[in-house]
Amino acid sequence: MFKINENYLKLPGSYLFSTIGKKVAAYQQANPDKAVIRLGIGDVTLPIAPAVVEAIHRAAEEMGRAETFHGYAPDLGYPFLREAIVEKDYRAWGCPVEADEIFVSDGAKSDCGNIQEIFSGDSRIAVCDPVYPVYVDSNVMAGRTGEYDEGTGMWSDVIYMPCTEENGFSPELPKETPDLIYLCNPNNPTGTTLDRSQLKVWVDYANRAGAVILYDAAYEAYISEPGVPHSIFEIEGARTCAIEFRSFSKKAGFTGVRLGFTVVPKDLKCGDMSLHSLWARRHGTKFNGAPYIEQRAGEAVYSEEGNRQVMEQVAYYMRNARTIHEGLKEAGYSVYGGVNSPYIWLKTENGMTSWEFFDYLLEQANVVGTPGSGFGPSGEGYFRLTAFGTYENTVKAVERLKALRQ
């Protein structure tokens, strides 16, 4: 008789954002007259930039002609996109990254979840707490995390690095030595960042410990302060200890298009074995390549007009972030983030748990956010709001939250 992977049974409840969706749907069904504003799930609202839409149209027309039709894409990505990424991103920042170290995919979430497959099953992982749930959940599925303690919300074999108000929401070097270190900069969910000197500490530590940093840079386009690196490869020594994940979802509004990439340097090795070769083997075996149309869309993001347009959209969302941050701070809430990130992290009110605060905001203000406890035990007592709504709804949501304190 067949058997299942029992590690899946260890996962507590449903995926965080599925739970939120069900709660909001139930509320709206019971209260059809209420206008709910969603600032919870980090989905974008602005349409795809015109220059990108034009590229999609051209590529679609090519697919309709025999002489320009494209079948399976190269499994690691078309050269035109990989070269544009290197030229416009990494060389512009002085990073020693080459085009054949870029692996194009259908999004950073997929790569963040799949990368663990190339590492030993007994690898110890270290995660920031709070943390994007995919990092932990994908390792639960692989059997690396031990047992779950419902009382603490922690896994027995995971090394947690608390990011709290006391340490400025910046992880400290762990007391136990991990094999894999997940870092997200700018951080999801706290919206805070590591500057260049802080990231250098982590790179040096990983090289000394023989650990690999799995660096999620999905929100790099939102960085506004010069001291915050856009890539870990701006840091000397990163090529021998880091893998970087990047996304078009939040920079270019590709949440419904699906495109991302991962950078695996050839210098990153376990003994004589190159992780670049392992990821290439995994990528080629389990992935048929991102579609041609999507990759042409990605290329257009790096054009002069495309870059101008997508950065205008980033500026739109960051205006929302400032509106939320400044408005809630003025009203007396304790708020963080929103400067180099589209996320605002705030303390719950009157000792409420994160889920109690979720229900309170939904019922009293008809505003949806994300409970901090869904990101890990250190997220309890906090709440995440996103800046990806429309400006009009963002202003309305802030006014509603202000009214709760009057």
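Here the structure is a predicted model, which is why all the values come from computation and not from measurement.

**Q** Looking at this structure, how should I read the overall build of the protein chain?
**A** Counting secondary structure elements, the protein chain contains twelve helices and 17 strands. On C-alpha atoms alone, the protein chain measures out to a radius of gyration of 21 Å, which is about the 22 Å that the 2.2 N^0.38 rule sets for 406 residues. With the C-alpha coordinates aligned to their principal axes, the bounding extent of the protein chain is approximately 60 × 55 × 50 Å. Of all 406 residues assigned to the protein chain, the portion counted as buried reaches 54%. Relative to all contacts within the protein chain whose residues are 6 or more apart in sequence, the contacts with residues 24 or more apart total 74%. As presented, the protein chain carries roughly 17,500 Å² of accessible surface, and 50% of it is formed by carbon and sulfur atoms.

**Q** What am I meant to see in the nonpolar core here?
**A** Note that soluble globular proteins tend to have their nonpolar side chains buried in a common cluster. With 98 residues, the main nonpolar core has Leu183 and Ile213 as its most contacted residues. Of the residues forming this core, the biggest block, seven residues, is contributed by helix 10 (residues 304-331). Residues in contact with leucine 183, not counting those within four places in the same chain, are Cys128, Met161, Pro171, Leu194, Leu199, Trp202, Ile213, Leu214, Tyr215 and Asp216. With 29 residues, the next largest nonpolar core counts Phe103, Tyr132, Leu180 and Leu214 among its residues.

**Q** Explain the pattern of salt bridges here, please?
**A** Opposite charge on two side chains permits pairing when their charged atoms draw close. Enumeration over the complete set of coordinates arrives at 22 salt bridges. Between glutamate 87 and arginine 91 there is a salt bridge, with the nearest N and O atoms lying 3.1 Å from each other. Residue glutamate 87 is classed as partly exposed on the basis of its relative accessible area, which comes to 42%. The class of arginine 91 is partly exposed, set by a relative accessible area of 45%. In the salt-bridge network here, residues are joined through shared partners; they are Glu87, Arg91 and Glu98.

**Q** Looking at this structure, I do not really get the sheet that holds strand 8 (residues 212-216). What am I missing?
**A** As summarised here, the arrangement of the seven strands in space is 2-10-9-8-7-3-6, forming an open sheet in which the pairing is mixed. Taken across any chain shown, the strands that pair with only one partner, and hence form the sheet edges, are strand 2 (102-105) and strand 6 (158-162). With strand direction ignored, the average angle separating the axes of adjacent strands in the sheet is 20°. Sheet topology note: the strand 3 (residues 125-129)/strand 7 (residues 180-184) ladder contains three bridges and is parallel. Pairing of isoleucine 125 across the sheet is with leucine 180, part of strand 7. Across the sheet, helix 8 (residues 275-286) lies against strand 2, strand 8, strand 9 (242-247) and strand 10 (260-263), angled at about 25° from strand 2, the strand it touches most.

**Q** What exactly am I supposed to notice about the sheet that holds strand 13 (residues 335-337) here?
**A** Strand pairing in a sheet relies on backbone hydrogen bonds. The paired strands run either parallel or antiparallel. With antiparallel pairing, the four strands of this open sheet are ordered in space as 13-14-17-16. Of all the strands in the sheet, just strand 13 and strand 16 (370-371) have a single pairing partner and so form its edges. Relative to strand 17 (residues 382-386), strand 14 (residues 343-347) runs antiparallel, the two sharing five bridges. If you follow isoleucine 344 over to strand 17, its bridge partner there is leucine 385.

**Q** Whenever I open this one, helix 3 (residues 79-90) confuses me. Can you help?
**A** Every α-helix winds through 3.6 residues per turn, so residues three or four apart in the chain are directed the same way. Counted at 1.5 Å a residue, the expected span for helix 3 with its twelve residues is 16 Å, and the 15 Å between its end C-alpha atoms agrees. Buried residues of helix 3: Phe80, Leu81, Arg82, Ala84, Ile85, Val86, Asp89 and Tyr90, and no others. Along its buried surface, helix 3 packs onto strand 2, strand 9, helix 7 (249-252), strand 10 and helix 9 (292-301).

**Q** Help me understand the packing of helix 1 (residues 16-30) against helix 11 (residues 354-364) in this model?
**A** Helices that pack against each other are described as a pair by the angle of their axes relative to one another and the distance between those axes. Remark: helix 1 packs on helix 11, axes separated minimally by 11 Å, with the N-to-C direction vectors making an angle of 35°. With respect to the hand of their crossing, helix 1 and helix 11 are arranged in right-handed fashion. Contacts between helix 1 and helix 11 involve Leu16, Thr19, Ile20, Lys23, Val24 and Tyr27 on the former and, on the latter, Trp355, Phe358, Asp359, Leu362 and Glu363. Split by residue class, the contact of helix 1 with helix 11 holds seven nonpolar, one polar and three charged.

**Q** Whenever I open this one, the side chain of aspartate 111 confuses me. Can you help?
**A** Among the structural elements, aspartate 111 can be located in helix 4 (residues 108-114). Despite its burial, aspartate 111 pairs with no opposite charge; the closest candidate is arginine 282, at 5.9 Å N-O. At 2.9 Å, the side chain of aspartate 111 forms a polar contact with the side chain of serine 105. Here the side chain of aspartate 111 touches threonine 262 through a polar contact of 2.7 Å, side chain to side chain. With residues up to four places along the chain from it excluded, the contact list for aspartate 111 reads Phe103, Ser105, Phe245, Phe261, Thr262 and Trp279.

**Q** Just to check I follow, could you spell out the pairing of strand 3 for this structure?
**A** With respect to burial, strand 3 is a largely interior element, five of its five residues being buried. Burial of the side chains of strand 3 extends over both faces: Ile125, Val127 and Asp129 are buried on one face and Ala126 and Cys128 on the other. Pairing between strand 3 and strand 6: five bridges, direction parallel. Across the sheet, residue alanine 126 finds its bridge partner in strand 6, namely isoleucine 159.

Procedures and definitions
- Residues numbered from 1 in each chain as written.
- Predicted model: local features only at pLDDT ≥ 70, side-chain atom pairs only at ≥ 80, totals over all residues.
- Heavy atoms only, no water.
- Helix = DSSP H or I, 4+ residues; strand = E, 2+ residues; numbered from the N terminus.
- Rg over C-alpha atoms; globule rule 2.2 N^0.38 Å.
- Buried < 20%, exposed > 50% of the residue type's maximum accessible area, 1.4 Å probe, protein only.
- Contact = heavy atoms within 4.5 Å.
- Areas by Shrake-Rupley, 256 points an atom, 1.4 Å probe, with all protein chains shown as cover.
- Core = buried A, V, L, I, M, F, W, Y, C linked by side-chain atoms within 4.5 Å.
- Salt bridge = Lys/Arg side-chain N within 4 Å of Asp/Glu carboxyl O.
- Pairing = 2+ DSSP bridges.
- Axes fitted to C-alpha atoms, helices over the stretch in contact; angles between N-to-C directions.
- Expected span 1.5 Å × (residues − 1).
- Left-handed = near helix turned anticlockwise from the far one by under 90°.
- Nonpolar A, V, L, I, M, F, W, Y, C, P; charged D, E, K, R; others polar.
- Lys, Arg positive; Asp, Glu negative; His and termini not counted.
- Polar contact = N/O pair within 3.5 Å; in protein donor to acceptor, adjacent residues only side chain to side chain.

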